[in-house]
2 protein chains.
Amino acid sequence: MRRVAIINCGLTKVDKHWKKSLRELFGDAAKAALETSKARELDALIVGNMCASDLSDQNNVGALLADYLGITPITAFRIEAACGSGGAAVLAAYTAVASGMFNCVMAGGVEKLSDGVGNETTLSLGKAADAEHELFYGSSFVSLNAMIMNHYMHIYHAPREAFADFAVLMHKNGSRNTYAQLPFPINRDIVLNSDKIADPITLYDCAPIGDGAAAIILCPLEEAPKYSDNYTEIIGIAGATDTIDLSSRSDLLSFNSTIVAADRAYKMAKVTPRDIDLAEIHDTFTITGAISIEDLGFSEKGKFHKLLAEGAFESGGVVAINPSGGLKSRGHPVGATGAYQVAEVAMQLMGNAGKMQVPDAEIGLAQNIGGSGSSTYVTVLRRGK
Amino acid sequence: MRRVAIINCGLTKVDKHWKKSLRELFGDAAKAALETSKARELDALIVGNMCASDLSDQNNVGALLADYLGITPITAFRIEAACGSGGAAVLAAYTAVASGMFNCVMAGGVEKLSDGVGNETTLSLGKAADAEHELFYGSSFVSLNAMIMNHYMHIYHAPREAFADFAVLMHKNGSRNTYAQLPFPINRDIVLNSDKIADPITLYDCAPIGDGAAAIILCPLEEAPKYSDNYTEIIGIAGATDTIDLSSRSDLLSFNSTIVAADRAYKMAKVTPRDIDLAEIHDTFTITGAISIEDLGFSEKGKFHKLLAEGAFESGGVVAINPSGGLKSRGHPVGATGAYQVAEVAMQLMGNAGKMQVPDAEIGLAQNIGGSGSSTYVTVLRRGK
């Protein structure tokens, strides 16, 4: 299997991009990735997206974007794994390059959520759950995660304030991120006193809905120096699934898809959680952040709040959690989020993260969840030079 | 790069499956593929689907199906390239196995179109075109293809009756296919006198809308004998794109994505069109069948009707075109069609095609188009033993 490098990335700010269409949004990210790279000739484009059919009346997104970028007749298709679409696109691009069939591949993601009218966006996002067994009965993502959060606090006696403090850390990090949708600091009271969305989840426990696109260029590791002075290596990558509906799970307080995907990725990378310097994790809600920290092995079960209080997850701490601000502050452009995460980790390891830069970052991890933990993708990167 | 084999396939009849949900439909195909194979342990599931979000309120289809099949925590995701989704899923599964990262991978496709109410299905299918530049102005797929057919007849002086005769051949073939949606013979007058859909396209020039699922198990060639007494090898596989909107093309009478994908796949397989014994081609409309025959190199441009009249495309002729009956008679379960085609070619080369069997079939080809030729996937298979 060929070793695979990431040689460049391009991101748009996560925002309400009223004046940009789906193709223009991805075009901005792709051009940013291509402009600063010598890899002019792409062999494939693999793009994550979830909601374009519902909110932009557009399928066939691979061909649409290849056409807009002027790179036909390249091979191009879309991957969908709900909010895990971006991570899945990176995995598919990895095997495309590792196989030797394709050389330079652009992986990425794009999502345009703010065009939804009324409850269109909420309904579209709800399709990541089980349509027949959850969505049909009125469950939304926030209601499903509110059940998990209540249960977590009950079982582990975790203080409500700890979740607020997680949000505070995310906004502190995100305030250094020029691509973030909510780049401002908050405090604990703001979270606790913000509107209740589904008890106990308040507005500031939730990731915002935003538009965004991310593009990443992969190539064989041995050719990376030809294309770029700076690169990172994908040393571990894996996906895993779990039951799509929560009611079939034996445990609501741990996502088996994260545990399995992380275990596979750590083994492939020959590292342990202790080796990870920074991690971009999937904190759709503060409870999802807490569970992810534990499932990835950065904390014992039920004790994330203790390490959080000790500053373990700050930049320069034991493992820097979401130096980008995470979904909570950077934003959550659903099908693009996994591509943002991998790009952000790569930028950290290339020393290109600006004010977000984690000092001496050598090994980083991205964790991208689809549904309520029904699909997870974990990618482990190492500094390339 | 590891060589890759197909060791088994499972199909459902293409039909209006009112009593089957999306997951049950794919479950039937997957179980049929698994039951007759010794490959009990799958490493990934990659499934093509286009319309589940619109017509079944369901995204995250990879996790949904892995869950239903009881094969979590397998890696599973959906691929979408409009009507080319199934072909793209086979390509992604190919690189997954060829890379060495995954061993046994199920590729497939599933589509449930008959649940659409009113014009929902037509609108959903229209999203394979350019939403902003075509769909918004009221173009449907049949209207776009009607323009192409008119233009073709004008430029090449092809008789209208030749298209009817192509449909007649498809129904003759499909009448031998137990999986076909329209398994009955027709004659030229039935086509010519059927309802006009968009002049000159009549009802019997069109592929029917149906529900269906197909599953294919891929593994490394060298391990194929361990799992199955009978297998085929994927010797060439490629995708290609073209502009998504027709108005940007320099030529409406040829799909560059087919020409490029076929060229890549032929070169990879080290074969020419003359080596192909049978081909499952993408005849959404009779005009699409004609153009595909020419783009794949089975006829000079503008002359498909001459070879058709000579019987070149009959089973046992120069190249058997669509022994399954093609989209026209087998049916067109959009995101599953490409998986049906590869499965049907594999069944032919394994000698398992029953009454459809083409004698002495050694090399076969599947061609799967997304949109009006904006994405094409071509797969070339060779008899494995």
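## Looking at the interface of chain B and chain A
- Taken together, the contact between chain B and chain A spans 53 residues of the former and 53 residues of the latter.
- For the side of chain B that touches chain A, the secondary structure elements donating two or more residues are helix 2 (52–56), helix 3 (61–69), strand 3 (75–80), helix 4 (85–98), strand 8 (232–241) and helix 10 (256–269) of chain B.
- Among the elements that make up the side of chain B that touches chain A, the one with the highest residue count is strand 3 of chain B (six residues).
- Taken together, the residues of the side of chain B that touches chain A sort by class into 23 nonpolar, 21 polar and nine charged.

## A short note on the pairing of strand 11 (residues 363–370) of chain A
Residue and element names in this part refer to chain A.
- By the criterion of burial, strand 11 is predominantly enclosed, with eight of the eight residues buried.
- The alternating pattern of strand 11 places Ile363, Leu365, Gln367 and Ile369 and Gly364, Ala366, Asn368 and Gly370 on opposite faces, both of which are buried.
- In terms of strand pairing, strand 9 (residues 278–280) meets strand 11 through three bridges, oriented parallel. By the bridge assignment for strand 11, Ala279 is matched with Leu365.
- Pairing of strand 11 with strand 12 (residues 375–383), which is carried by eight bridges, proceeds in the antiparallel orientation. Bridge pairing links Gly370 to Ser375 in strand 12.
- In textbook terms, the turn of a hairpin is the stretch between consecutive antiparallel strands, and for strand 11 and strand 12 this stretch comprises four residues, one of which, Gly371, has a positive phi near 65°.

## Observations regarding the domain arrangement of chain A
Residues and elements named next belong to chain A.
- Once the domains are mapped, chain A shows domain 1 (4–116 + 210–227) and domain 2 (129–208 + 235–383).
- Each of domain 1 and domain 2 has a C-alpha centre, and these two points are 23 Å apart.
- In this complex, domain 1 contributes 35 residues to the contact, which on the side of domain 2 involves 31 residues.
- Among the secondary structure elements, those contributing two or more residues to the side of domain 1 that touches domain 2 are strand 1 (4–11), helix 4 (85–98), strand 4 (105–111) and strand 7 (212–220).
- It is helix 4 that provides the largest number of residues to the side of domain 1 that touches domain 2, a total of eight residues.

## Topic: the packing of helix 4 of chain A against helix 14 (residues 334–349) of chain A
Residue and element names in this part refer to chain A.
- With their axes 5 Å apart at the nearest point, helix 4 and helix 14 run at an angle of 60° to one another. Taken together, the axis directions place helix 4 and helix 14 in an arrangement best described as oblique. Contacts between helix 4 and helix 14 involve Ser85, Gly86, Gly87, Ala89 and Val90 on the former and, on the latter, Gly335, Ala336, Thr337, Gly338, Ala339, Tyr340 and Val342.
- Here the residues of the contact of helix 4 with helix 14 are counted per class, giving six nonpolar, six polar and no charged.

## Details of helix 10 (residues 256–269) of chain A
All names here are of chain A.
- Its 14 residues place the ends of helix 10 20 Å apart at the C-alpha level, agreeing with the 20 Å of an ideal helix rising 1.5 Å per residue.
- With 10 of 14 residues buried, helix 10 is to be regarded as a mostly interior element.
- Listed in full, the buried residues belonging to helix 10 are Asn256, Ser257, Thr258, Ile259, Val260, Ala261, Ala262, Ala265, Tyr266 and Ala269.
- In this fold, the buried residues of helix 10 make contact with strand 8 (232–241), helix 11 (286–295), strand 11 and strand 12.
- Looking at the residues trailing helix 10, positive phi occurs at Lys270, about 55°.

## Describing the pairing of strand 4 (residues 105–111) of chain B
Residues and elements named next belong to chain B.
- With seven of seven residues buried, strand 4 is to be regarded as a mostly interior element.
- Here strand 4 shows a buried face lined by Val105, Ala107, Gly109 and Glu111 and a second buried face lined by Met106, Gly108 and Val110.
- For strand 2 (residues 44–48) and strand 4, the ladder comprises five bridges, and the chain directions are parallel. Each residue of the ladder has a partner; that of Leu45, found in strand 4, is Met106.

## Digging into unusual backbone geometry
Residues and elements named next belong to chain A.
- The step from Thr72 to Pro73 runs through a cis peptide bond, and the omega angle for that step is 5°.
- Note on placement: Pro73 falls in the loop between helix 3 (61–69) and strand 3 (75–80).
- With phi around 55°, Asp360 is a residue other than glycine that occupies positive phi space.
- Secondary-structure assignment places Asp360 in the loop between helix 14 and strand 11.

About the thresholds
- Residues numbered from 1 in each chain as written.
- Chains lettered and ligands numbered in written order.
- Predicted model: local features only at pLDDT ≥ 70, side-chain atom pairs only at ≥ 80, totals over all residues.
- Contact = placed C-beta atoms within 7 Å.
- Helix = DSSP H or I, 4+ residues; strand = E, 2+ residues; numbered from the N terminus.
- Nonpolar A, V, L, I, M, F, W, Y, C, P; charged D, E, K, R; others polar.
- Buried ≥ 20, exposed ≤ 12 C-beta atoms within 10 Å, placed from the backbone.
- Pairing = 2+ DSSP bridges.
- Domains from an automatic or database assignment.
- Axes fitted to C-alpha atoms, helices over the stretch in contact; angles between N-to-C directions.
- Parallel < 35°, antiparallel > 145°, perpendicular 65-115°, else oblique.
- Expected span 1.5 Å × (residues − 1).

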